[in-house]
Each structure stands twice: as structure tokens, then as C-alpha cells.
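What the coordinates show
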Amino acid sequence: MDSFPEIHVKKEHEDLRKWAREFTNREILPMADKIDRSDEYPLALQRRMGDYGLLGISMPQEYGGLGLDLTGSMIVGEEVAKVSLSASFIVGVQNGLAGNVFAKFGTPEQKSKYIPKLVKGESIGAYGLTEPGSGSDAAGLSTRAVRDGDSYVVNGSKIFITQGLVADVLVFFARTGTAEDGAAGITAFVVEKGTKGFRVGQKLEVMGARGTGTAELVFEDCRVPASNMIGHEGDGFLIALAILSESRIGAAAAAVGIAEAALEAAISYVSKRHIAEKPLAKYEVVRFTIADMATRITAARLLTYYAATVQGSGGDFIKEAAMAKYFASETAVWVCERAIQIHGGYGVSKMLPLERFLRDAKILDIVEGTSEVQRWILSRELLDGQ
Ligand SMILES: Cc1cc2nc3c(=O)[nH]c(=O)nc-3n(C[C@H](O)[C@H](O)[C@H](O)COP(=O)(O)OP(=O)(O)OC[C@H]3O[C@@H](n4cnc5c(N)ncnc54)[C@H](O)[C@@H]3O)c2cc1C
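Values in this document were obtained by computation on a predicted structure and should not be read as measured data.

1. Overview of the overall build of the protein chain
In terms of regular secondary structure, the protein chain is built from 11 helices and 10 strands. Taken over C-alpha atoms, the radius of gyration comes to 21 Å for the protein chain, in line with the 21 Å a tight globule of 386 residues would show. With the C-alpha coordinates of the protein chain rotated into their principal frame, the extents come out at 80 × 50 × 40 Å. Every one of the 386 residues in the protein chain was classed for burial, and the buried ones make up 54%. Accessible surface, the protein chain: about 16,600 Å² in total, of which carbon and sulfur atoms supply 56%. Taken as two groups, the 43 positive and 49 negative side-chain charges of the protein chain have centres that lie 4 Å from each other.

Written as C-alpha cells, this is what we have:
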């Protein structure tokens, strides 16, 4: 049972929620803790998600995807994250990052070569923007791609790349212009596993979204055919931003999912746990905390769906995406921390998934642009150019 009223979405969106929940409860929930503890990429689950359709929720139908709008994708993402952020990262990278670059900016050949396999889960995708020396300041990236005949020779490295450890296909961004060109000197490419000069550097262990193959990727005189360019020379940064604006709404939806799971756990616990012969649910401080949790989650959810709706209507949604990502990720951290407090020692133990929820929520405050970056985007949109 949901802990607070459903926000009105289309009937087909609610059918989607049921469709996603049916799979997540049956297939993902039983292994969510194992994925977290082992930190091993769940390849068999990834394949089952492909068979079920989750890896192509937003991909075009002509390439085997379900072609859902962003609101539909957010609903599915929320449901998956409610049981496992790691699984939702797999869905997010296949659809919203790697897949979306091909769908929006790929040539017809690139689309038909890469999207169907990403959708089926036969190919694992990754999106490489962040580098050891540039994260928030993505325009400052220094991986270089130098034209040489019919190909580009790439040198540099990427860090914290989700699915990087296991990726068959990496969409990446490299500098084809000079450092002075800044964002205008960045170009997008695709490279396949096994290409000479392209390798996994190291696996990176992180506190949340574990088991998603977070890794460093290295290019050493790696020759990439010019036909692997996505868009045109110098388009890369605009491509990266366009993709991130949408996937930020996905991160917001994931945050809502985690926060809902923490709230539901707290509501269930306070009715059962007695302190001095009185259920925790009768203590006013606990009641008010639950009220605050539900209010903040509903606000985060509304912001998320609103951002997806603005995107769906074709409007500029940069502000809405930044607000949703910033507010929802911070809400998830706050709600998970409060849920742990309500559970006392059980909350911080590994007997319950709450400590995982908190570690996962914190990841969402960092990826796809930190909260500071979202506020920087918002302040720029609101204050500059007036
Ligand atoms: C689990 C995980 C998965 C990830 N997956 C991917 C992936 O698949 N692909 C990919 O390309 N990247 C990925 N990332 C990288 C992620 O997007 C970056 O870590 C993030 O953008 C922050 O960059 P940074 O780590 O370099 O921090 P920095 O940019 O160095 O930030 C350091 C601090 O400075 C603050 N800061 C930055 N700019 C400002 C500002 N203007 N004003 C005030 N404060 C500021 C930040 O908020 C932060 O607190 C992943 C990261 C993690 C942890």
C-alpha cells in the first residue's frame, strides 16, 4: 500500500507502475542486499531486465524499446530504485545515458547498430564524461582525440563510470579542439570493448549504488574510426548537457523511490515497536517526523513529475530538472537518516536495508551534478542575463 496519495498521472502510467512493481518485487528485491554486499555486477539480473523490457523503456519502438515518455520512464525508475538503486542505475545508463545519446544524436547506422542490443541487454553501455581532473567542471575535460586520417587517436582517462567495468560500448567525450576552445572544443564518440588502446583502469569501490561496475577507463593511443563520432566536431558538450538534463530527472525519480521505501519501513516499524508499553507511533515527535517525511517526499515527487511534464511538452526544462534533482536527492538523504533514527539500533544494523538506503541516497546527491552544481545552474538561470 502506498503511504500517501498518488499524484494524478495518466491511467497508462499507473499500469506501468504495476508492471514495474511486479518485476521489481519478484526479481530484484530478493537480491538487492546481495548486490550491495558483494559489489558484483548482477549480469543475470541485467539480462532478465532486458527480457522484461526495462532496459529499453525510453528507447524508440522501431529499435525494440517501449518508447515511453519521460514521465513513464520516471515512474518505472522510481519503482526500481524503491528496491535497489543499483538496479535503477543499470536501467538508467542503458536508457537515459548511453541509449539516449544514440537515440537523440546517433546516425541511423549507429542507432541500428547499438540501440537494439542495449535494449535487450545483450550489450552493456556506459557514458564517460567525468575525468580525474574534471567532474562538475565537465567543460574542462582533458582527454584528447586527435584526427589522423580516417580515425582519431585518443589519450586520457575517465573516472567513476557506471558499468565501466563491464561495458561493451562506451559513449565518451573528448577534446578535439584546444583547451582555449573550452566547451566548444569537445566532441562525442563511441568506442567498443576490445578496441586496442582502450581498457579498464581500476574498479572503484563506492559507498552506494554498489555492484554497478563503477570503474576508471583508460585510453592509450586508442584509434577510434571517425565514423564513431556522434554528432559533429564541437557538438560534444551540448550533447552531454542535453542528456544530463533528462537523466537528472531520472536521478530525482530514483531519490523519490528510495525515500518512499524508507518512509514505508518507518511507518510499519512505529506501529509494531513499543517503548514503555506504548507504540512508537503514539509519540508525537515520531508522528511529526513521519508527517514531515511524507510531505517532503510528496513535494519531491511533484517536482520530479513536473520536470518530466515540462520536458514532455517540449519546453525548456533545465531549471525544473535542476530543482527536482537537488530537492529530491537531499530529501532522500534526510528521509533515510530520519528513518534510521526511528529504527534505533536496528536502523544502523545490516539486519535491515535502511543503512543501504542512506548510502544509496547519498550517491544521488553527487551523480549527474552535485547539489551545489544544481543550485549553481538555478542561480545562473534565475539571475544572469536579466
Ligand atoms: C557512483 C558514481 C557513479 C557515477 N557514474 C558516472 C558515469 O556513469 N559517468 C560519468 O561521466 N560520471 C559519473 N560519475 C561522476 C559524477 O558525475 C561526479 O562525481 C560528479 O559530477 C562530481 O564531480 P567530482 O567528483 O569531480 O567532484 P568535483 O567537481 O571536484 O566537486 C567537489 C566539490 O565542489 C563542489 N562544487 C563544484 N562546483 C561548484 C560550484 N560551482 N560552486 C560551489 N561548489 C561547487 C561540488 O559540489 C563538490 O562538493 C559517477 C560518480 C559516482 C560517485
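2. Some points on the nonpolar core
In terms of nonpolar packing, the biggest core is built from 47 residues, with Leu85, Ile249, Met293, Ile342 and Leu364 touching the most fellow members. Broken down by secondary-structure element, the contributors of at least two residues to this core are α4 (70-83), α5 (85-105), α7 (236-272), α8 (284-312), α9 (318-348) and α10 (354-364). The greatest single-element share of this core, amounting to 15 residues, is contributed by α7. Both domains that furnish three or more residues to this core are identified here as domain 1 (11-124) and domain 3 (237-383). Other than its neighbours up to four places away in sequence, Leu85 contacts Ala209, Ala254, Ile258, Asp360, Ile363 and Leu364. Listed in part, the 27 residues of the second largest apolar core include Met59, Val101, Leu141 and Leu244.

3. Side note on the packing of aromatic side chains
Evaluation of the coordinates by the stated rule reveals eight aromatic pairs. Taken together, a centroid distance of 4.8 Å and an interplanar angle of 15° make the contact between Trp19 and Tyr52 stacked. Of the two residues, Trp19 sits in helix α1 (residues 11-28) while Tyr52 sits in helix α3 (residues 43-52), which places them 33 residues apart along the sequence. Here the aromatic rings of Phe172 and Phe219 are separated by 4.6 Å at their centres, their planes lie at 35°, and the arrangement is tilted. With Phe172 in strand β4 (residues 169-175) and Phe219 in strand β7 (residues 215-225), this residue pair connects regions lying 47 residues apart in the sequence. Just as Phe172 is buried, Phe219 falls in that class too. Ring-pair connections join several aromatic residues into one group, and the members of that group are Tyr152, Phe172, Phe189, Phe198 and Phe219. If you follow Lys278 out to its NZ or CZ, it ends over the ring of Tyr283, 4.4 Å from the centre. The residue whose ring lies beneath Arg296 is Trp334, and the NZ or CZ to ring-centre distance is 3.6 Å.

4. A few points about the domain arrangement of the protein chain
Its domain assignment divides the protein chain into domain 1 (11-124), domain 2 (126-234) and domain 3 (237-383). The interface is formed by 23 residues belonging to domain 1 together with 31 residues belonging to domain 3. Between domain 1 and domain 3 the total buried area reaches about 2,200 Å² when both faces are included, carbon and sulfur atoms providing 62% of it. When the area that domain 1 buries against domain 3 is broken down by residue, the three leading residues are Leu70, Glu78 and Lys82, summing to 27%. For the pair domain 1 and domain 3, the number of links is six salt bridges. As a salt-bridge pair, Glu246 and Lys104 come within 3.1 Å of each other at their nearest N and O atoms. Applying the counting criterion to the domain 1 and domain 3 interface returns 10 residue pairs in polar contact (both at pLDDT 80 or more). When residues of the side of domain 1 that touches domain 3 are traced back to their parent elements, those giving at least two are α2 (32-38), α4 and α5. At nine residues, the largest contribution of residues to the side of domain 1 that touches domain 3 is made by α5. Of the residues contributing to the side of domain 1 that touches domain 3, the split by class is 11 nonpolar, five polar and seven charged.

5. Topic: the pairing of strand β5 (residues 186-192)
Here β5 lies mainly inside the structure; six of its seven residues are buried. Where β4 lies against β5, seven bridges are found, and the strand directions are antiparallel. By the bridge assignment for β5, Val171 is matched with Val190. As paired strands, β5 and strand β8 (residues 229-230) are joined by two bridges and run antiparallel to one another. Opposite Ala188, over in β8, you have Ile230 as the bridge partner.

6. With respect to the environment of Leu165
Along the chain, Leu165 turns up in the loop between β3 (151-161) and β4. In this structure Leu165 comes out as partly exposed when scored by relative accessible area, which is 32%. Distance from Leu165 to Ile124, taken between C-alpha atoms, is 9.9 Å for residues 41 residues apart in sequence. What Leu165 contacts, discounting residues up to four positions off in sequence, is Val200, Lys203, Gly213 and Ala215.

7. Some words on the site of the ligand
By nearness alone, 18 residues border the ligand, and Thr130, Ser136, Phe160, Thr370 and Glu372 come closest of all. Between the ligand and the protein, one listed contact pairs a nitrogen atom with a side-chain N or O atom of Thr130 at 2.7 Å. Protein chains bury 66% of the 980 Å² of accessible surface belonging to the ligand in isolation. Contributions of two or more residues to the shell around the ligand are made by β1 (125-128), β3 and α11 (371-383). Sort the elements by how many residues they give to the shell around the ligand and α11 lands first, with three residues.

How each quantity is defined
Residues numbered from 1 in each chain as written. Predicted model: local features only at pLDDT ≥ 70, side-chain atom pairs only at ≥ 80, totals over all residues. Heavy atoms only, no water. Helix = DSSP H or I, 4+ residues; strand = E, 2+ residues; numbered from the N terminus. Rg over C-alpha atoms; globule rule 2.2 N^0.38 Å. Buried < 20%, exposed > 50% of the residue type's maximum accessible area, 1.4 Å probe, protein only. Areas by Shrake-Rupley, 256 points an atom, 1.4 Å probe, with all protein chains shown as cover. Lys, Arg positive; Asp, Glu negative; His and termini not counted. Charge placed at Lys NZ, Arg CZ, Asp CG, Glu CD. Core = buried A, V, L, I, M, F, W, Y, C linked by side-chain atoms within 4.5 Å. Domains from an automatic or database assignment. Contact = heavy atoms within 4.5 Å. Phe/Tyr/Trp six-rings, centres within 6.5 Å; stacked < 30°, edge-to-face > 60°. Lys NZ or Arg CZ within 6 Å of the ring centre and 35° of its normal. Buried area = accessible area lost by both parts, 1.4 Å probe. Salt bridge = Lys/Arg side-chain N within 4 Å of Asp/Glu carboxyl O. Polar contact = N/O pair within 3.5 Å; in protein donor to acceptor, adjacent residues only side chain to side chain. Nonpolar A, V, L, I, M, F, W, Y, C, P; charged D, E, K, R; others polar. Pairing = 2+ DSSP bridges. Near = heavy atom within 4 Å.

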